[in-house]
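# Secondary and tertiary structure notes
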Amino acid sequence: MALDLRRAYNQADLSWSMLSEQAMLLYLPKARRSAIQQINQVLQGLADLDSTVAAYDSIGLLFTKPIIQPELVFESILNLTLDVRVSGKPTTLHTIPICFELGPDLESVCAHLKLEKADFIHRYCDNKYEVAMCGFLPGFLYLDGLAPEFAVPRLTQARKQVPAGSIAIGGTQTGLYSLPSPGGWQLIARTPVSCFDAQAQPPMKKAIGDKIRFEAISPAQFNALNTHAD
Amino acid sequence: MPTNSLTILKACPAMSLQDAGRRGVAAWGIPSGGAMDHQAMQLANRLVGNEPNAAVIEMALIDVTLLFHHEAYIACTGAVQAIMINEQTHLPNHCLNVQALDVVQIKVHPKANFYYLAIAGNLQAKRDFGSCSTYPLARLGGLDGTYLKKGDVLHWEVSAQKIKQSKVLAPHLIPLYDAASPIIRVLKGPEFERLTEASKQQLESLELYLSTDCNRMAYRALAKGMEASDYQITSSMVVPGSIQLSGPGQCTILMRDAQTSGGYPRILQVIAADLARLAQLKPNQSFKLRLVDLAEAHQANSYWEGVLNSLRP
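All chains use their own residue numbering, which begins from 1 and follows the written sequence. Note on labels: chains are lettered from A, ligands numbered from 1, in written order. Per-residue local features are limited, in this predicted model, to residues with pLDDT of at least 70; the limit for side-chain atom pairs, both in listing and counting, is 80 or more; totals at the level of whole chains, interfaces and linings are taken over all residues. Side-chain descriptors were evaluated using all non-hydrogen atoms of the structure, hydrogens and water having been removed beforehand.

### Notes on the confidence of the model for chain B
Across chain B, the average pLDDT comes to 95, with 97% of residues at or above 70. Here the complex is predicted with pTM 0.93, and the ipTM for its interfaces comes to 0.94. The predictor rates its confidence in each residue with pLDDT, a number between 0 and 100.

### Thoughts on the side chain of Thr134(B)
All names here are of chain B. By definition, any uninterrupted DSSP run of H or I lasting at least four residues is a helix, any uninterrupted run of E lasting at least two residues is a strand, and each is numbered from the N terminus. Within the secondary structure, Thr134 sits in the loop between strand E11 (122–123) and strand E12 (153–157). Throughout this description, a polar contact denotes any pair of N or O atoms lying within 3.5 Å of each other; where both atoms belong to protein, one of them has to be capable of donating a hydrogen while the other can accept it, and for residues adjacent in sequence the pair is counted only when both atoms sit in side chains. Reaching out from Thr134, the side chain makes a polar contact with the backbone oxygen of Leu17 at a distance of 2.8 Å. Apart from the residues within four sequence positions on either side, Thr134 is in contact with Ser16, Leu17, Gln18, Leu140, Gly141, Gly142, Gly145, Thr146, Tyr147 and Asp257. Should any heavy atoms of two residues lie within 4.5 Å, those residues are counted as being in contact.

### Some thoughts on the pattern of salt bridges
Residue and element names in this part refer to chain A. Salt bridges, as used here, are contacts in which a Lys or Arg side-chain nitrogen is within 4 Å of a carboxyl oxygen on Asp or Glu. Enumeration over the complete set of coordinates arrives at 24 salt bridges over all chains. Between Lys30 and Asp13 there is a salt bridge; the shortest N-O distance is 3.4 Å. Placement of Lys30 in the loop between strand E3 (23–27) and helix H2 (33–43) and of Asp13 in the loop between helix H1 (5–8) and strand E2 (15–20) is noted, with a sequence separation of 17 residues between them. Only protein chains enter the accessibility calculation, which uses a 1.4 Å probe; a residue is then buried when its area is under 20% of its type maximum, exposed when over 50%, and partly exposed in between. Judged by its relative accessible area of 60%, Lys30 falls in the exposed class. The closest approach of N and O atoms between Glu130 and Arg33, which form a salt bridge, is 2.9 Å. Within this pair, whereas Glu130 is found in strand E8 (residues 128–134), its partner Arg33 is found in helix H2, the two being separated by 97 residues in sequence. Take Glu130 and Arg33: they sit in the same class, and that class is buried. Residues joined in a network through salt bridges with shared partners are Arg33, Glu130, Asp144 and Lys211.

### Description of the sheet that holds strand E7 (residues 88–90) of chain B
Backbone hydrogen bonds are what pair the strands of a sheet, in a parallel or an antiparallel way. Residues and elements named next belong to chain B. Think of it this way: DSSP has to see at least two bridges between two strands before they count as a pair. Strand order in the open sheet formed by seven strands is E7-E6-E9-E4-E1-E12-E11, and the pairing between neighbours is antiparallel. Both outer strands of the open sheet, E7 and E11, are each paired with one neighbouring strand and no more. Here three bridges tie strand E6 (residues 80–85) to E7, and the two strands are oriented antiparallel to one another. Paired with Ile83 across the strands is His90, a residue of E7.

### Considering the interface of chain B and chain A
The partner chain A presents 42 residues to the 39 residues of chain B that form the contact. Summed over both partners, buried area is the accessible surface (1.4 Å probe) that two parts give up on being assembled. Each partner contributes to the roughly 2,900 Å² buried at the junction of chain B and chain A, and carbon and sulfur atoms together form 65% of this total. When the area that chain B buries against chain A is broken down by residue, the three leading residues are Trp28(B), Leu137(B) and Met237(B), summing to 23%. Counting across the chain B and chain A interface gives zero salt bridges. Taken together, the connections running from chain B to chain A amount to 11 residue pairs in polar contact (both at pLDDT 80 or more). Within the residue set of the side of chain B that touches chain A, elements represented by two or more residues are strand E16 (236–237), strand E20 (266–270) and helix H4 (294–310) of chain B. Top contributing element to the side of chain B that touches chain A by residue count: H4(B), with four residues. All amino acids are sorted into three groups, where Ala, Val, Leu, Ile, Met, Phe, Trp, Tyr, Cys and Pro are nonpolar, Asp, Glu, Lys and Arg are charged, and the leftover types, Gly among them, are polar. Residues that form the side of chain B that touches chain A fall into these classes: 22 nonpolar, 12 polar and five charged.

Spelled out as C-alpha cells, the structure:
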C-alpha cells in the first residue's frame, strides 16, 4: 500500500530544523532503523538534493541550492510516497573476515573486560551487527549490536594513524575504519578486505541497515586476502 | 594533447589543488572539500577568464616559488602581499603575463593564511566524484591524491579565449585583513536553544579567539562565556561552517574538509558568505559574531553571486 509520509508516519513525530543555508535536518525520534532507511531512500527523489546523512534519530539533507522556504521543503517531504507493505529493501548480510592477531589493543581490552582472548573472540563473532550510520570519516561504519558488557573506554590519547580495515570498540559502540586515519577507539582486529573504493560507484557496498557478521581468520589467511597498501 | 607546465621549486604546507569541492558524497562520509577561501579562488579565476570554480593552486602560510616552462596568464588572490617575477615586484589581484623560464615567487600576507594561483586555461588534475579538490586521507583529487611538493610538475591546457592582461580587481573587492576584531555572521544552529540565557544575551559582545589548532578540517576557538545546558547530542549531520560547542567556551568551527557527522551541539552556523573570511583569520586573532536570519544569509550569498557575475569576461 502506498501512503504519503504524512500518513505513513505520524506527522506529530516528524519535525525539522535548519542547519545551514543549504542544509536542513529531519527529525524522526520514534522511527526504527528500517523506517529511517526507507524514508532515506524516498528522500533521494527530492528536487535539488545533493545528498543525505542518515543518522540514529535524524536525517540531514544537503541541497545543491539555497533553501529559500524550508516549510515548503518539509511539505514536499511529507508528500513523498512510501510503500508501507515492504520495509525498504531486503536486508543484506555481509560476512567480514577479521584477524584478531592484528588488533593491537585486544590484550588490554580483554584485560579490562577480565575475559580470556578466545572467549572474547568467540563471543564477539557470535553476535550479528547492523550498520547504524556511515560517516565521521570516509567509509567509517558505526555498527549496532555490541554486547553491552563489551563496552570499553576510548583511548586517552587518540592514535595518529589507525590502519585501514581496523575493527574497533569505543565506549558502547563498535565500528570499522575503512581508511587509514586518526582514531581514538580501541583496535581489536583488522579485516584484509577493502570497504571503501573511491573509484567504485558507489564507493561503499555496505549501507545503513545492512547486517554484518564477523568471521575470525588467521594471520596467514589475512595475508592471502590482504588488499591494503601498507 | 600538448600542454603547458610549471615546476614547484619551493612548496608550502598543505599546498594543494582545489576547486569548489564535491557534490553528492556526504552519505559515504566524504567531505565536500574545496578552497578554504572560495571567494579568493573565484576572484583569481575571474581575473584570468576562467569559470569561477575552475581548479586553482591553494597555498598557505609561507612563500612559494614556481618555475614556468611556458608562457601563461596568471592571477594571485587571497593572502598575497606581492608577486615577484624574476625578482621584479608585481601587485596581487591583477592578471599577469609570465614567460617561459620565468621564476615566480609569491609572498604571503602576514595577516592571513590562504592564497590562490589561477592559470588561464584548464589545470590538469585527478578528478574524484567530479572534483579535483585534494583530500589526502582518502587520496582524492590533486595530482595523485596527496598534497603538492617540491619538484611536482603541473600541466594546463591553454584556453582559446583572449585574455585581458590589464584586468584588475576593484579596490573594494581586495581584502585588507586589517580589522582588529572582524565580525562573522552566523545563523542559529539546530541546538541554539541549548545556550544558557546569559550566553544568548551576550553572544554578539563576546570576543572569540582562534587557537593554534586550526587546519582544513576545523578551527578551534575559545569563546569565554559561551555555555550550554548539555554538550552532547546523538550523532547527526554537520556541514562546513557548523559551530559545535564541546564544553564551556570550547568552539569547533568546521571547515571544508570537515567530517559529515558529529556528536556535539551545533550552536551556530557561519553563513557561507563569511566562511571565506573566517578561513583567513590567524591563530590568537579575535573575532565577534553577529546573529542573522536565513533571509539575510541568502542576501549576503546573492551579493557575492552578483560580484562574480559583474566580473564575467
